[in-house]
Amino acid sequence: MHPGLRTLLTALGVTAVTAAPLASSAQAPTAVKLRTGESTIVATPRLTRVAVGDGKIAGVLAVGNTEIVVSGRSVGRTTLLVWSDGGRRTYDVTVTEQSLESLRQMLQRAITDPDVHVDTADRSIVISGAVPNGESLVHLGEVVSRFEPVAAAGKFTVVNAVTVAHPLGPLQNELSASPATSGVRVDRDAKGNLIVSGQVPDRTTAEQVLRRVRALAGPYLAFDGKVIDRIETATISQVSVKVYVLEVDETALRQLGVNLQSASFHPDGTYTLGGPQFPVVESPVTSGSGTGPGPGFPGRALTIGAFFRSITLAPTVNLVINNGHAKLLSSPDLVTMPGRQADFLVGGQIPIPVAAGPQQIAIQYKDFGVKLQVTPTILGEGNVETIIAPEVSDLDFQDGVALNGFVVPALKTSRISTDVVTRAGESIVMGGLLRRQEQRTVDKIPGLGDLPVLGKLFRSTRYQSSQTDVVFVMTPEILTR
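Residues numbered from 1 in each chain as written. Predicted model: local features only at pLDDT ≥ 70, side-chain atom pairs only at ≥ 80, totals over all residues. Heavy atoms only, no water.

(A) Structural context of the overall build of the protein chain. Helix and strand content of the protein chain: seven helices and 27 strands. Each of the 481 residues in the protein chain was classed as buried or not, and the buried ones make up 31%. Put simply, of all contacts in the protein chain between residues at least 6 apart along the chain, 59% involve residues at least 24 apart. Here the protein chain displays about 28,500 Å² of accessible surface, and carbon together with sulfur accounts for 55% of that area. (Helix = DSSP H or I, 4+ residues; strand = E, 2+ residues; numbered from the N terminus. Buried < 20%, exposed > 50% of the residue type's maximum accessible area, 1.4 Å probe, protein only. Contact = heavy atoms within 4.5 Å. Areas by Shrake-Rupley, 256 points an atom, 1.4 Å probe, with all protein chains shown as cover.)

(B) Inspection of the pairing of strand β20 (residues 333–336) at higher detail. Burial of the side chains of β20 is restricted to one face: Leu334 and Thr336 are buried, whereas none of Asp333 and Val335 on the reverse face is. Alignment of strand β14 (residues 237–248) against β20, held across four bridges, turns out to be antiparallel. Paired with Lys242 across the bridge in β20 is Asp333. (Pairing = 2+ DSSP bridges.)

(C) Looking closely at the sheet that holds strand β2 (residues 39–43). Pairing in this open sheet of three strands is antiparallel, and the strands run β2-β5-β4 from one edge to the other. Of all the strands in the sheet, the pair left with one neighbour each is β2 and β4 (58–63). The average undirected angle you get between the axes of adjacent strands in this sheet is 25 degrees. (Axes fitted to C-alpha atoms, helices over the stretch in contact; angles between N-to-C directions.)

(D) How the structure looks around the environment of Ser182. Residue position: Ser182 is located in the loop between α4 (169–177) and β11 (185–188). Look at Ser182 and you get partly exposed, because its relative accessible area is 42%. Placed 16 residues apart in sequence, Ser182 and Gly198 show a C-alpha to C-alpha distance of 8.6 Å. The contact partners of Ser182, leaving out residues within four places of it in the chain, are Leu175 and Ser176.

(E) Structural view of the pattern of salt bridges. One pass over the structure, following the stated rule, counts seven salt bridges. A salt bridge links Lys371 to Asp367; its shortest N-O distance comes to 4.0 Å. Accessibility expressed as a relative area gives 24% for Lys371, which makes it partly exposed. Owing to a relative accessible area of 26%, Asp367 belongs among the partly exposed residues under this scheme. Salt-bridge contacts for Glu391 lead to Arg415; the nearest nitrogen and oxygen are separated by 2.9 Å. Taken together, the residues Glu391 in strand β23 (residues 383–403) and Arg415 in strand β24 (residues 406–415) connect sequence positions 24 residues apart. With relative accessibility at 17%, the residue Glu391 sits in the buried group. By relative accessible area, which is 59% here, Arg415 ends up exposed. (Salt bridge = Lys/Arg side-chain N within 4 Å of Asp/Glu carboxyl O.)

(F) The arrangement of the packing of aromatic side chains in detail. Applying the stated criterion to the full structure yields zero aromatic pairs. The ring centre of Trp83 lies 4.0 Å from the NZ or CZ of Arg49, which sits over that ring. (Phe/Tyr/Trp six-rings, centres within 6.5 Å; stacked < 30°, edge-to-face > 60°. Lys NZ or Arg CZ within 6 Å of the ring centre and 35° of its normal.)

(G) The arrangement of the sheet that holds strand β9 (residues 124–131) in detail. Taken in spatial order, the three strands line up as β8-β9-β10 in an open sheet, and their pairing is mixed. One side of each edge strand has no neighbouring strand; the edge strands of this open sheet are β8 (116–121) and β10 (157–164). Taken over all neighbouring pairs, the strand axes of this sheet differ in orientation by 15 degrees on average, direction set aside. Bridge count for β9 against β10 is eight bridges, and the pairing is parallel. Considered in β10, the bridge of Ile127 is made with Asn160. Its contacts with the sheet put helix α2 (residues 100–110) on β8 and β9, and the angle it makes with β8 is roughly 170 degrees.

(H) Looking closely at the confidence of the model for the protein chain. Averaged over every residue, the pLDDT of the protein chain is 75; residues scoring 70 or more account for 71%. In this model residues 7–25 is a low-confidence stretch, pLDDT under 50, and it forms one contact with partners more than four residues away in sequence or in other chains. Taken together, the stretch residues 275–311 has pLDDT below 50 and engages in 55 contacts with residues farther than four places along the chain or on a different chain. (pLDDT = per-residue confidence, 0-100.)

(I) Seen up close, a nonpolar patch on the surface. Together, Ile361, Ile363 and Tyr365 make up an exposed nonpolar region whose accessible area comes to about 360 Å². Here Ile363 lies in strand β22 (residues 360–378). (Patch = residues over 30% accessible without salt bridge, like charges linked within 9 Å, V, L, I, M, F, W, Y side chains within 5 Å.)

(J) Main features of the side chain of Thr422. Tracing the backbone shows Thr422 in strand β25 (residues 418–423). Here Thr422 falls in the buried class, since its relative accessible area comes to 5%.

(K) Local environment of the environment of Ser330. On the secondary structure map, Ser330 appears in strand β19 (residues 326–330). In this structure Ser330 comes out as buried when scored by relative accessible area, which is 16%. Put simply, Ser330 and Phe472 are 142 residues apart on the chain and 9.8 Å apart in space, counted from C-alpha to C-alpha. When neighbours within four sequence positions are excluded, Ser330 is seen to be in contact with Val243, Tyr244, Val245, Phe344 and Val346.

(L) View of helix α5 (residues 203–216). In a regular helix each residue adds 1.5 Å, so 14 residues correspond to 20 Å; α5 covers 20 Å between its end C-alpha atoms and thus fits that length. Restricting attention to buried positions, one finds in α5 the residues Arg203, Thr204, Thr205, Ala206, Glu207, Val209, Leu210 and Val213. At the N-terminal boundary of α5, the capping side chain belongs to Asp202, with an oxygen 3.4 Å from the backbone nitrogen of Thr204. (Expected span 1.5 Å × (residues − 1). Polar contact = N/O pair within 3.5 Å; in protein donor to acceptor, adjacent residues only side chain to side chain.)

(M) Region of the structure containing the side chain of Ser237. Mapped onto the elements of the fold, Ser237 is located in strand β14. Ignoring anything within four residues of it in the chain, the contact list for Ser237 reads Asp202, Arg203, Met337, Pro338, Ile378, Leu479 and Thr480.

This is how it looks when you write it as structure tokens:
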């Protein structure tokens, strides 16, 4: 062979050998098409490294060194690079929008409860139906939460409207057995709240149902769940509080207490007012045979027994007023809805100047006198719980503040706040709000009484001090119509 031809063939062979790997590395990218929320497996033998151009569009997870999982996250296009012992491969990943129908089918296959249905409406997926218990509802919520990011990527909305068929099985059976509560339902929402709905005859029955639900709701409520009252009543219940506000002396206080203790009721509804009956405490006596009761001695003489109905208090109140030991300041009838505050004021308002800005004075009015705030609530047993906050205040010019030639008086205030549970018609007596009044009267001879030094001989000063107790007598009644 000619030497020049041999040299040319050798050069061409070298060129062919070196061009082969270049062609391999420059091969066309492999197309991978996904929908948002879908995943696919790509075989990658002897995998050494992997990288993705935009992790927001596609996610990559290596499974050993033989496979990778590619997941569609959002709509777009990106590049996936895979290195192995054989070189590098390029994948062109395209992620398209998940169709609403395909997402609905995926969610329906993931939900195993036969009474739960998945439907579409506009750009929303609505999950409806009922599950047998609270555990199934929690499991369903976990399944739905896995699909919510996929739906959000496609700008879809997932609406979970599934409820629990019988969240409190024993209670539901108990409610259904009674004609008064047969229409009451207890449902659990997706947030872990228990919703009590339906209709009952009155508010007392409604409170009985709510108390029973709260007693059994522990295992079915979420950590921050609540019992939500959606009960309707066939009648409207209000609370009327009859109030007597008395200014009494020490004698009237003793009479009021004795009459309350000595009232005796008879089976026919009548009552008898007898003398005071003080409890007797047995003194223990130790003998050779052991310890036993011994001779009695008076004790707990000021113990107040149960408060009786207003028919007992009426003659008592009238008696102390007629004897001059008490003065009736006010006797309002307060009517309010259960749980709502009612108040009244016997007194007035005083103007108090306050700063409203640079060199500006505004006037605010402050209440004083006898004030009462009551908030009654109907309980399940037909009792009435009443939050009571009485207040007695008087003007105090001695401790007032002088301002521009005027005296702004201070207030002497007595205040009590308490919470009492009584039967409807029983009375509540609250005292201990003291009212002190001090007066100074100066008598003098005109002209001579004003002389310096010698004027004291022609004038006299008298001091009068009085102290009374303001007593509140309240009788709550339930009004139903």
